[in-house]
Amino acid sequence: MNNYNKGKAKYILAFMMMALFISVTIGSTTGNIHFNQFYKNLTTDTIPLTTAKMIPAKKNDAISVKDTIPGNLADTTKKTDTLLTTAVVDTFDINVSKDSLDAPVVYHADDSMVLDIPGKKILLYGKESKVKYTDNELTAPGIEFDQRTNLVTAYLRKDSTGKVISFPTFNQGDLKTVSDTIAFNMKSGKGLTKGTYTQQDEMYIYAIRIKKVDSSSFFAYKARFTTCNLDTPHFAFVSKKIKFINKKFAVTGPVHPEFEGVPVPIILPFGIYPLSRGRHSGLIAPTFNANEQFGLSLDGIGYYKVINDNWDVTTRGTIYSYGGYTFNISPRYYKRYRRQGNLSFDYQRFKTNFKGDPDYSTSKTFNIRWSHSLDTKSRPGVSFNANVNAGSSKFNSQVPNNPTRNFSNQLSSSIAYAKIWKDKPYNISINANHSQNTNLGIINVTLPDISFNLNTLYPLRRKELIGSYKWYENLGVALNSNVKSLTYFSDDTAVSELNIGKQIFNNLQWGGNHNVPITLSLPQLGPLQIAPSISYTERWFQQKFTRRWDSTLKKIDTSINKGFYSARDMSFGISMSSRIFGSFTFGKNAKVKAIRHEIRPSLSANYKPDMNGKYFYDTQIDTLKNKGRFNVFDNSLYGAFGEGRFGGLSFNIDNNIQMKVRDKKDTAAEAEKKVTLIDGLNLSGSYNFLADSFQLSTFSVGARSNLFDKISITASAILDPYQVDARGERIDKLIWRKKALTLGRLLGGNISMSTQFQGGDKSKKPKQNNLTGQPYNPSTGMPLDEYQTEAAYISNNPAEFADFSIPWSVSFSYSLRFQRDRKVDYSGYTTNVFQDINWNGTVNLTEKWQLGLNGFYNITQKELGTISVSIARELHCWQMAINVSPVGRYRFFNISISPKSGLLRDIKVNRTRYFYDL
């Protein structure tokens, strides 16, 4: 071949390679590479089948032919058919380059594209030029692709003024980066970036160079990481070498913190940092506190262990310099659509003063908390819930640095199981309850408490209903039964010297109550609703309690006869109820348009025979020969029935008052809004025609209102219409003989008021703290732990949870309770009054400073509770809180500076001192 032909062949070969390169690398104008189409075009058989017989083939199948060439050309002597029956596919095979890509490359250029054929490169220009290959997506103002090395390079561009037009960004899976320069190998998936910003959950990372080795991990050189989202962060942790496992954790070499770019001379040899919100086993960092009674402490050091998907456990401990310690273990469990719960066991051992001192003492206390709930989807018709909080009576008073628990003197528990049978009219519930007064050291336990209920049955109804029911077919019968046992004991040896087992046995009580209501629902008669009823009640008692006057010792002796006793009671009645409406309208231009009054009266006639008078008796109660009337079933679980016949009327009147006023916020002429003045004002009582004395019962009065949707008021009282003698005993003389304008003599009642005001946008809802917002973690599905600990922490440290969107807020509540009780020596009655006030307020001094004040005052005992002053400072990514409680029995101060991010929750500067009066 001469030189001319050789040169011509080179140009033809170069043209073919260029066409092949363009068709493979560029594809179409949209940038899609179609390897399958290219391969199909090359392998299509273009030789005409002149001697072959076509065989029909299915769609997308290769064409099958019968070859006319013998299978063995060397053997020509055999007399065989020259047509073979085996069909073969005519194919064309080519070798694919080893450096070819495995997937199409999609590209886009905002401005222009340059194709460098000799250099086998493609250059894309434009503000948002893009290249996408598998799950890798690159966006940059300038991108270069080298086919020979499969290397994609992206870089930033600046305008004529030096301002950056845009930065290269790279996304692969969960990894997203913004860099100055990016170099990425599309074949191996590895890459190198310079001047890179990336984010891992709440962590913001910047590095001079980042080397990506695979889709889940990368290395950073001279990097800083922080939870501050500013380009120049307020604080950061700086390390020369860091390895990141995407969405899992990061590992560093020597690391030190920086504040406002100033390094802090605190260097740690290495660091491990979680980058995901999931559960991870690990150590729990402690905090340092100080306590006047127990000394310095290393508080809350512990370990968190993930056992499996359904279980985890947290262990914590605190060590005090005076020799005391505390220990806590809290396992949790969660099974989706099945059950969830948590258990917490606390143990405290403290030393007071020093060994050898006359007032040296040690104490050991414990507390158990258990919370459990069964998902109703797991077992329809069955529910099981538990909420247990029990322990030593002195436990709460000795919890250090926690005034909320120190003031709590009541513990209670409940465990409840209930079952409803499908398509059956009955159900059962089994309960266990516990109540504990930590001041008195008395623990009451109710176990078991069984209730069986039979829903209303209608025995006279037809099995097949045609039309409506007759009036007598609405006669219904039901059954409500309850049996339970109760005991009490004390864990304080000063109260009882007996061991707990003997106390439980000696104080055990049991009883039962059964009620059979018979009702008849009659059709409404105009505005009246009439309903007759019959009720039968039977009670079981364990003992008879009798009082007798001892004339020798001049005191009351008591005797208890144990056994099985029962008493019964019946009542018959018919009730009538209705609703009455009235309104009064004002002038057209008046601000108040109308007042609407609704009265809901009800009247019932009842008869009750005297079935329990035989259980009442009179006995002398003092040396003046005054007598008191008692029942042998006093002090029983369900109480004794009343004596005497009752045949009279019972009444109840409830009122609701509203008004329509002009709406100032709506400029329309007819704009109105409803304002409730009184939500409810009721009065109830009864009159017994058959009683020989005290025919009129006591009156119950109640009122409730929410004035202007701001002030909530609730009040109730019990009034006695009869006079009393000098000792406070009732006499059969109506009080209206002495005071005409009165409802009666006040026996007891309560009043409570509360209000709250706040500034700012009223439609904006306050921020919700993520510690108490959800019953379980949305990332893991596990229930949140330390409910009460977190609630107490928030209550004691309000500054750390300040809402700066509210410029000011004020809340106030007042409670008054009073009751008339018989004196212990039966010499008369005494009135006990309880009053207390709670208040809370915040005000923003500036956009970044907030001052808060909250407190409690017991008016009855004239004792200040916890009064605390809080100061909060908004520091963007950090928060500063100062809490001081200078007065009261429990006093403390706390200064805390910590990051807001939950990832760095344990990195804080904390100083706490705590004092209390014995």
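Each value, and the rule that gives it
- Residues numbered from 1 in each chain as written.
- Predicted model: local features only at pLDDT ≥ 70, side-chain atom pairs only at ≥ 80, totals over all residues.
- Heavy atoms only, no water.
- Helix = DSSP H or I, 4+ residues; strand = E, 2+ residues; numbered from the N terminus.
- Buried < 20%, exposed > 50% of the residue type's maximum accessible area, 1.4 Å probe, protein only.
- Contact = heavy atoms within 4.5 Å.
- 1 Å grid on protein atoms, 1.4 Å probe; cavity = no way out; pocket = protein on both sides within 12 Å on 5 of 7 lines; lining within 4 Å.
- Points joined across faces, edges and corners; volume = space filled by probe spheres on them.
- Nonpolar A, V, L, I, M, F, W, Y, C, P; charged D, E, K, R; others polar.
- Phe/Tyr/Trp six-rings, centres within 6.5 Å; stacked < 30°, edge-to-face > 60°.
- Pairing = 2+ DSSP bridges.
- Disulfide = S-S within 2.5 Å.
- Polar contact = N/O pair within 3.5 Å; in protein donor to acceptor, adjacent residues only side chain to side chain.
- Core = buried A, V, L, I, M, F, W, Y, C linked by side-chain atoms within 4.5 Å.
- Patch = residues over 30% accessible without salt bridge, like charges linked within 9 Å, V, L, I, M, F, W, Y side chains within 5 Å.
- Areas by Shrake-Rupley, 256 points an atom, 1.4 Å probe, with all protein chains shown as cover.
- Salt bridge = Lys/Arg side-chain N within 4 Å of Asp/Glu carboxyl O.
- Lys, Arg positive; Asp, Glu negative; His and termini not counted.
- Charge placed at Lys NZ, Arg CZ, Asp CG, Glu CD.

1. Focus on the overall build of the protein chain
Each helix and strand counted, the protein chain has 5 helices and 55 strands in total. A buried classification covers 34% of the 918 residues belonging to the protein chain. Counted over contacts in the protein chain with a minimum sequence separation of 6, partners at least 24 positions apart contribute 50%.

2. Focus: the side chain of Ser485
Mapped onto the fold, Ser485 is located in strand E33 (residues 475–490). Look past the residues within four positions of Ser485 in its chain and what remains in contact with it is Val445, Thr446, Leu447, Pro448, Leu508, Gln509, Trp510 and Leu637.

3. Quick word on the environment of Phe219
With respect to the secondary-structure elements, Phe219 resides in strand E16 (residues 217–226). Judged by relative accessible area, which is 36%, Phe219 ranks as partly exposed. The spatial distance from the C-alpha of Phe219 to the C-alpha of Arg209 is 8.4 Å, given a sequence separation of 10 residues. In this structure Phe219 touches Arg209, Ile210, Lys211, Val213, Ile242 and Lys243, once residues within four positions along its chain are discounted.

4. Quick notes on empty space enclosed by the protein
Applying the stated criterion across every chain yields a total of 5 cavities of 30 Å³ or more. Volume-wise, the largest cavity comes out at about 90 Å³. What lines the largest cavity is Phe170, Leu175, Thr177, Ile182, Ala183, Phe184, Gly191, Leu192, Thr193, Ile210, Lys212 and Phe218. Going through the elements one at a time, strand E12 (175–178), strand E13 (181–185), strand E14 (191–200) and strand E15 (203–212) are the ones with two or more residues in the lining of the largest cavity. Class assignment of the residues belonging to the lining of the largest cavity gives a composition of 8 nonpolar, 3 polar and 1 charged.

5. Focus: the packing of aromatic side chains
A full pass over the atoms with the stated rule returns 28 aromatic pairs. Geometrically, the ring pair formed by Phe294 and Phe350 is stacked, given 4.2 Å between the ring centres and 15° between the ring planes. Residue Phe294 is located in the loop between strand E23 (287–291) and strand E24 (295–306), and its partner Phe350 is located in strand E27 (residues 339–352); the two are separated by 56 residues in the primary sequence. A residue is classified by how much of its surface remains accessible, and Phe294, at 6% relative accessible area, is buried.

6. Regarding the pairing of strand E7 (residues 136–146)
Within E7, 9 of the 11 residues are buried, which leaves it mostly tucked inside the rest of the structure. Bridging between strand E6 (residues 121–133) and E7 involves 10 bridges; their strand directions are antiparallel. Looking at the pairing, Lys130 lines up with Thr139 of E7. Pairing analysis gives 4 bridges linking E7 to strand E11 (residues 169–172), with the strands arranged antiparallel.

7. A few points about unusual backbone geometry
The linkage connecting Leu447 with the following residue, Pro448, adopts the cis geometry, with an omega of -10°. For Asp423, which is not glycine, the phi torsion reads 60° and is therefore positive. Among the structural elements, Asp423 can be located in the loop between strand E30 (410–420) and strand E31 (426–437). Given a relative accessible area of 73%, Asp423 falls into the exposed group. At Lys554, a position not held by glycine, the phi torsion is positive, near 55°.

8. A few points about the pairing of strand E26 (residues 325–335)
Sheet topology places strand E25 (residues 311–320) next to E26; 9 bridges connect them, and they run antiparallel. Directly across from Thr314, in E26, lies its bridge partner Ser330. From the end of E25 to the start of E26, which pair antiparallel, there are 4 residues, and Gly323 there has a positive phi angle of about 110°. In this structure, E26 lies alongside E27, joined through 9 bridges in antiparallel fashion. Counterpart to Lys335 in the pairing with E27 is Arg339. Where E26 folds back on E27, the antiparallel hairpin that results is connected by 3 residues, among which Tyr337 adopts a positive phi of roughly 65°.

9. Some points on the state of the cysteines
One pass over the full model with this rule turns up 0 disulfides. Of the cysteine sulfurs around Cys228, a residue in no disulfide, the closest is that of Cys877, at 3.6 Å.

10. Some words on the environment of Arg316
Along the polypeptide, Arg316 turns up in strand E25. Remark: the alpha-carbon pair of Arg316 and Thr326, spanning 10 residues in sequence, is separated by 8.3 Å.

11. A word on the environment of Thr134
Here Thr134 lies in the loop between E6 and E7. When the C-alpha positions of Thr134 and Pro104 are compared, they lie 7.6 Å apart, and in sequence the two are 30 residues distant. A polar contact is formed between the side chain of Thr134 and the side chain of Asn136, at a distance of 3.3 Å.

12. Notes on the nonpolar core
Counting residues in hydrophobic clusters, the biggest one holds 21 residues, and the most contacted among them are Ala220, Phe225, Phe235, Phe237, Ile242 and Phe244. Elements with a contribution of two residues or more to this core: E15, E16 and strand E17 (235–245). The contacts of Phe237, once residues within four sequence positions are left out, are Ala223, Arg224, Phe225, Val255, His256, Pro257, Leu904 and Ile907. Residues Val105, Tyr107, Tyr133 and Leu138 belong to the second largest nonpolar core, which totals 17 residues.

13. Quick look at a positive patch on the surface
The grouping of Lys194, Arg209, Lys222, Lys240 and Lys241 at the surface amounts to a positive patch. Checked against the element boundaries, Arg209 lands in strand E15.

14. Considerations on the pattern of salt bridges
Using the criterion set out here, one finds 18 salt bridges in the structure. The residue Arg568 makes a salt bridge to Glu538 at a minimum N-O spacing of 3.5 Å. Linking Arg568 in strand E36 (residues 555–577) with Glu538 in strand E35 (residues 529–550), this pair joins segments that are 30 residues apart in sequence. With a relative accessible area of 33%, Arg568 lands in the partly exposed category. Relative accessible area serves as the criterion here: at 16%, Glu538 is assigned to the buried category.

15. Here we look at a nonpolar patch on the surface
The grouping of Ile711, Phe757, Trp808, Val810, Val843, Leu845, Trp849, Leu851, Leu853, Val869 and Val884 at the surface amounts to a nonpolar patch, some 840 Å² of accessible area in total. When contributions to the nonpolar patch are tallied by element, the ones reaching two or more residues are strand E48 (808–822) and strand E50 (849–858). In terms of residues, the nonpolar patch owes the most to one element, E50, which gives 3 residues. If you trace the backbone, Val884 turns up in strand E53 (residues 878–887). On the accessibility criterion, Val884 (33% relative accessible area) is partly exposed.

16. So, the side chain of Thr438
Along the chain, Thr438 falls in the loop between E31 and strand E32 (442–457). Thr438 gets classed as buried once you look at its relative accessible area, which sits at 13%.

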